[in-house]
Amino acid sequence: MNKDDVLNEFRAAGALLEGHFILSSGLHSSRYLQCARVLMEPQRAQRLCAALAAQVKALGIQSIDLVASPAMGGVIVGYEMGRQLGVPAIFFERVDGKLVLRRGFDIRRGARVLMVEDIVTTGLSSRECIAGIAEEGGVTVGAACLIDRSGGKADIGVPLAALTRLDIPTYPADQLPPELAAVPAVKPGSRGLK
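Please read all numbers here as calculations on a predicted model, not as lab measurements.

**Observations concerning the overall build of the protein chain**
Reasoning step 1: What the protein chain contains, in helices and strands, is 6 helices and 8 strands.
Reasoning step 2: For the protein chain, the sequential pattern of α-helices and β-strands runs α-β-β-α-α-β-α-β-β-β-α-β-β-α.
Reasoning step 3: Computed over the C-alpha atoms, the radius of gyration of the protein chain is 16 Å, within 12% of the 16 Å expected from 2.2 N^0.38 for a compact globule of 194 residues.
Reasoning step 4: Taken along its principal axes, the extent of the C-alpha atoms in the protein chain is 50 × 35 × 25 Å.
Reasoning step 5: Residue burial in the protein chain is summarised as follows: out of 194 residues, 47% are buried.
Reasoning step 6: For the protein chain, the proportion of contacts with a sequence separation of at least 24, taken over those separated by at least 6, is 64%.
Reasoning step 7: Surface summary for the protein chain: the accessible area is close to 9,200 Å², and the carbon and sulfur share equals 51%.
Reasoning step 8: One way to put it: in the protein chain the 22 positive side-chain charges average out to a point 2 Å from where the 20 negative ones average out.

Here's what the structure looks like:
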């Protein structure tokens, strides 16, 4: 699956939005990728995650025991990646500002874990999830995401497989270009601003 194929999947699902968006990081952008929409159809999620699983294997990431994801955005893609790779999938939830395991989830000491996200922008959630995996005794052997919107600039500390990489500019609220500042901002994500 090439970049155009991936973006066509997002367009067909109405998941590639144009406007003025406030991202989970607090940064502003003129484009937003709504992964919940692209993953709401099981066949599309299966196609995208099969291609992502192939990317993981192409990076040489093997012998995975578990997939772990940060909630909310990583829950569906993490589950489908676990299904594609034939391993269990769990997710971390934010409690009092920290990603933690709940719902009886645990990580066996020394388990080889693939961290899976929907979108990587700054890499903050990915790094937080990887830190949580380590605190639980797991070893993060790699990571995967549908879209790396940092254009490959986000450093999460482990190899990152991505279906595609986009370089979509982001801006602090006090440094918006005039054309973006002229459009009312919306916050479509699941996490509150920092």
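On we go.
**Topic: the packing of aromatic side chains**
Reasoning step 1: Per the stated rule, a full pass over the model turns up 2 aromatic pairs.
Reasoning step 2: Ring centres of Phe21 and Tyr32 lie 5.6 Å apart, and the angle between their planes is 35 degrees; on these two criteria the pair is classed as tilted. On the criterion of sequence distance, the pair formed by Phe21 in strand S1 (residues 16–22) and Tyr32 in strand S2 (residues 28–33) is long-range, its members being 11 residues apart.
Reasoning step 3: Given a relative accessible area of 6%, Phe21 falls into the buried group.
Reasoning step 4: Measuring from centroid to centroid gives 5.2 Å for Phe91 and Phe105, while their planes differ by 75 degrees, and the two rings are edge-to-face. Separated by 14 residues along the polypeptide, Phe91 in strand S4 (residues 89–95) and Phe105 in the loop between strand S5 (98–101) and strand S6 (112–120) bring together distant segments of the chain.
Reasoning step 5: Overall, Phe105 belongs to the partly exposed group, its relative accessible area being 25%.

**Some points on the nonpolar core**
Reasoning step 1: Ranked by internal contacts, the top residues of the largest apolar core, which has 35 residues, are Phe10, Val38, Met81, Leu114 and Leu146.
Reasoning step 2: When contributions to this core are tallied by element, the ones reaching two or more residues are helix H1 (3–12), helix H2 (35–38), helix H3 (42–58), helix H4 (74–85), S6, strand S7 (139–148) and strand S8 (160–165).
Reasoning step 3: Examining the composition of this core, we find that 7 residues originate from one element, H3, more than from any other.
Reasoning step 4: Once residues within four sequence positions are removed from consideration, Leu114 is found in contact with Val56, Ile61, Ile64, Leu66, Val67, Ala68, Met81, Leu85, Gly142, Ala143 and Ala144.
Reasoning step 5: Membership of the second largest hydrophobic core comes to 21 residues, among which are Leu101, Cys129, Ala143 and Ile156.

Calculation rules
Residues numbered from 1 in each chain as written. Predicted model: local features only at pLDDT ≥ 70, side-chain atom pairs only at ≥ 80, totals over all residues. Heavy atoms only, no water. Helix = DSSP H or I, 4+ residues; strand = E, 2+ residues; numbered from the N terminus. Rg over C-alpha atoms; globule rule 2.2 N^0.38 Å. Buried < 20%, exposed > 50% of the residue type's maximum accessible area, 1.4 Å probe, protein only. Contact = heavy atoms within 4.5 Å. Areas by Shrake-Rupley, 256 points an atom, 1.4 Å probe, with all protein chains shown as cover. Lys, Arg positive; Asp, Glu negative; His and termini not counted. Charge placed at Lys NZ, Arg CZ, Asp CG, Glu CD. Phe/Tyr/Trp six-rings, centres within 6.5 Å; stacked < 30°, edge-to-face > 60°. Core = buried A, V, L, I, M, F, W, Y, C linked by side-chain atoms within 4.5 Å.

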